[in-house]
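Structural overview
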Amino acid sequence: MEYQILKPALNEGVLMVTISRPAALNALNSRFFGEMEHLLENEAKGPGIRALILTGEGKAFVAGADIAEMVHMSTTEGEAFGKRGQAVFAALEELPYPVIAAINGFALGGGLELAMACDFRIASEKAKFGQPEVNLGLTPGYAGTQRLPRLIGLADALLLLTTGEMIDAAEALRLKLVQKVVAPEQLMDEALRIANLIAIKGPLAVSKVKMLVRKGLTMSMEEGSALEARHFGSLFGPGSQGEEGMKAFLEKRKPEWPAK
Ligand code: CO8
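So, how was this worked out
Residues numbered from 1 in each chain as written. Predicted model: local features only at pLDDT ≥ 70, side-chain atom pairs only at ≥ 80, totals over all residues. Heavy atoms only, no water. Domains from an automatic or database assignment. Contact = heavy atoms within 4.5 Å. Buried area = accessible area lost by both parts, 1.4 Å probe. Salt bridge = Lys/Arg side-chain N within 4 Å of Asp/Glu carboxyl O. Polar contact = N/O pair within 3.5 Å; in protein donor to acceptor, adjacent residues only side chain to side chain. Nonpolar A, V, L, I, M, F, W, Y, C, P; charged D, E, K, R; others polar. Helix = DSSP H or I, 4+ residues; strand = E, 2+ residues; numbered from the N terminus. Pairing = 2+ DSSP bridges. Axes fitted to C-alpha atoms, helices over the stretch in contact; angles between N-to-C directions. Buried < 20%, exposed > 50% of the residue type's maximum accessible area, 1.4 Å probe, protein only.

Concerning the domain arrangement of the protein chain
In terms of domains, the protein chain is made up of domain 1 (6–199) and domain 2 (203–250). Between domain 1 and domain 2, the C-alpha centre-to-centre distance is 28 Å. If you look at the interface, domain 1 gives 13 residues, while domain 2 gives five residues. Buried surface at the junction of domain 1 and domain 2, summed over both partners, amounts to about 570 Å²; 50% is from carbon and sulfur atoms. Three residues stand out in domain 1 for area buried against domain 2, namely Arg 50, Glu 93 and Pro 96, and they jointly supply 53% of the buried area on that side. Close ionic contact of Lys 210 with Asp 119 constitutes a salt bridge, the shortest N to O distance being 2.8 Å. Where domain 1 touches domain 2, the interface holds seven residue pairs in polar contact (both at pLDDT 80 or more). A breakdown of the residues in the side of domain 1 that touches domain 2 according to their chemical character gives nine nonpolar, no polar and four charged.

Right, here's the structure in full:
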């Protein structure tokens, strides 16, 4: 597929994906979803990928779903557009390695929903956040009503969702909607620094940590702990990544991770 909106670039195990439709503030249209579906099935599944960074070109990360495309949709089309986006964001969330949103500017509506489907969010001091759907007579449609309260709690989520108010990066940090705020010129360096830190760790361990934490949130303490014990055990044994990591420590050298 020839990409028109996404710009993927792979460098030392880190897949950087830039959303580039700056004339419409990177608003999410059908073309975007088609390209993202393709990227998630192809580039993102490439061997050796340890982290993905998602960012936007220009003054927006993403200013929402494309209002010009949505305005004429019927009930059925609106529901289908929402479900397609939900499936794409869920597939992004389920990638077997961390996904980092590097939020350079506006992250509004579907744009904030996209950022929330990432594992963590690093923001520029210039970034702005909001769920302004109610201004348009809409609700969020890409699981924003579900992810926002899970990330920042019930009342703060309802406040943002019902007022549609835009907040700045400092307020987003206070709400723990983002994990770090940096100067605009440091944004990509910081996102890359974190991705590179992850990229040298035990790949299976990182992947399992992500899965265990995410799955565990839907389980009881007992079920989650049992799942953890099973996966912990699976990292031991001859030729395992756990054995290599522990041996490397004892032999005072860097690990060379085996494939499994
Ligand atoms: N969709 C389409 N085009 C957009 C969008 C958008 N979401 N946001 C901005 N644009 C376009 C503008 O129309 C404008 O185009 P043009 O130059 O052709 O007039 C261009 O981008 C630049 O925008 P502005 O001139 O408005 O730039 P400003 O710097 O003055 O303002 C803002 C920036 C504040 C971000 C402003 O553009 C804005 O308010 N945008 C809309 C934000 C918004 O309401 N987002 C939520 C959209 S709804 C949504 O995301 C629902 C998700 C779930 C969908 C479920 C499927 C059914």
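Observations regarding the environment of Ile 67
By the secondary structure assignment, Ile 67 is in helix 2 (residues 67–70). With 69 residues separating them in the primary sequence, Ile 67 and Leu 136 have C-alpha atoms 9.2 Å apart.

Let's talk about the sheet that holds strand 7 (residues 120–124)
Ordered in space as 1-2-3-5-7-10, the six strands form an open sheet in which the pairing is mixed. The sheet is open, and its two borders are formed by strand 1 (6–11) and strand 10 (180–182), each paired with just one other strand. When strand polarity is set aside, the average angle formed by the axes of neighbouring strands in this sheet is 20°. Sheet topology places strand 2 (residues 14–19) next to strand 3 (residues 51–56); six bridges connect them, and they run parallel. Bridge assignment links Ile 19 to a residue of strand 3, and that residue is Gly 56.

Digging into the pairing of strand 2
Along strand 2, six of the six residues are buried, which leaves the element largely enclosed by surrounding structure. The two faces of strand 2 match: Val 14, Met 16 and Thr 18 on one face and Leu 15, Val 17 and Ile 19 on the other face are all buried. Pairing of strand 1 with strand 2, which is carried by six bridges, proceeds in the antiparallel orientation. Across the sheet, residue Asn 11 finds its bridge partner in strand 2, namely Val 14.

Quick word on unusual backbone geometry
Although it is not a glycine, Glu 12 adopts a positive phi angle of roughly 45°. Structurally, Glu 12 is set in the loop between strand 1 and strand 2. Exposure remark for Glu 12: the relative accessible area of 71% places this residue in the exposed category. Of note, the phi angle at Leu 25 is positive, near 50°, even though the residue is not glycine. By relative accessible area, Leu 25 is classed as partly exposed at 25%.

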